[in-house]
Amino acid sequence: QDTGSPNLLGYTLNAIQTGSMEPEFYAGDLLIGKTTDIDGTYNKGDIVFFESSYKGEDGITYKMVKCHRIVKIKDDNGIKYYLTRGDNNKISDAETDGWLTADKIVGVYQTNDYQGKKLEGFGSVIDYLQSFWGFFFVIVLPMILFFIYELVRVIRNVMAYTKENRSTVPYRSRPSPSSCRSVLR
């Protein structure tokens, strides 16, 4: 399933965007957690990554992945529902995200038997690389410079080859008009 969260060999990377989980995580931290099955089971206190969405200033709805702690669990006819909240938030995510089902949870950071990894500040690096200018300076500009460098090398090689071949090929000159006269006599 497409979650909007990078997934590599069963692990997911998520950059923290806000201070909702302080003091556990700070904005700019990068969390490495495990991806989960669609039908996974979670416990109160687990820290999970889940799909969310928000409406931007431009009116467009954007998908994102949040990282919050499960604070309540309810069972309704065999289906488990999870309510989350950021540790630094006064209210739960009931109004913004509602009760989550397991299929909305895309990864776990902390459970009873698993502890993810936190890389302080590396989330800011990932965010920068995903921005227009970060992509331009780190990917596009080096590619352009490499292309120009290779183009200059090719031009220099062609010029050197041409110059070398000119000096080794004997120069054929036209016979001078005086030499033609001597032949005709």
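For the structure itself, look to the data block above.
None of these values were measured; they are calculated from a predicted model. Throughout, residues of each chain are indexed from 1 in the direction in which the sequence is written. Side-chain atom pairs in this predicted model are given and counted only at pLDDT of 80 or more, local residue features only at pLDDT of at least 70, and totals for whole chains, interfaces and linings cover all residues. Computation of side-chain values covers all heavy atoms of the structure but excludes hydrogens and water.

*Asks:* Quick rundown of the overall build of the chain? Include the residues and the values.
*Replies:* Helix and strand counts for the chain come out as 3 helices and 8 strands. In sequence order, the chain lays out its α and β elements as β-β-β-β-β-β-β-β-α-α-α. Buried, partly exposed and exposed residues are distinguished by accessible area as a fraction of the type maximum, computed with a 1.4 Å probe on protein chains only: under 20%, between the cut-offs, and over 50%, respectively. Every one of the 185 residues in the chain was classed for burial, and the buried ones make up 26%. Only heavy atoms enter the contact rule, under which two residues are in contact if any of them lie within 4.5 Å. Considering only intrachain contacts with a sequence separation of at least 6, the fraction spanning at least 24 residues in the chain is 53%. Here the open area of atoms and residues is found with the Shrake-Rupley method and a 1.4 Å probe, where only the protein chains shown may cover a residue. In the structure as shown, the chain presents an accessible area of about 13400 Å², 58% of it carried by carbon and sulfur atoms. Runs of H or I in DSSP of at least four residues are treated as helices and runs of E of at least two as strands, each being numbered from the N terminus.

*Asks:* Quick one: what's the story with unusual backbone geometry, residue by residue and with numbers?
*Replies:* Of note, the phi angle at Asn-77 is positive, near 55°, even though the residue is not glycine. With respect to the secondary-structure elements, Asn-77 resides in the loop between β5 (61-76) and β6 (79-85). Its relative accessible area of 78% is what places Asn-77 among the exposed residues.

*Asks:* An account of the environment of Thr-18 is requested, with residue identities and associated values reported.
*Replies:* Topologically, Thr-18 is positioned in the loop between β2 (11-15) and β3 (30-35). Thr-18 gets classed as partly exposed once you look at its relative accessible area, which sits at 45%. Note: C-alpha distance between Thr-18 and Gly-28 (10 residues apart in sequence) is 8.0 Å. For Thr-18, the residues in contact, after removing those within four places along its chain, are Tyr-26 and Ala-27.

*Asks:* So what about the pairing of β6? Which residues, and what values?
*Replies:* As paired elements, β5 and β6 share 7 bridges and run antiparallel to each other. For Asp-76, the partnering residue across the bridge sits in β6 and is Ile-79. Following DSSP output, two strands are said to pair if at least two bridges run between them. The turn linking β5 back onto β6 is made up of 2 residues, and Asn-77 within it adopts a positive phi angle of 55°.

*Asks:* Describe the environment of Ile-139, naming the residues involved and giving the relevant values.
*Replies:* For Ile-139, the location among the structural elements is in helix α2 (residues 132-168). With a relative accessible area of 37%, Ile-139 lands in the partly exposed category. C-alpha separation for the pair Ile-139 and Leu-129, spaced 10 residues apart in sequence, amounts to 8.8 Å.

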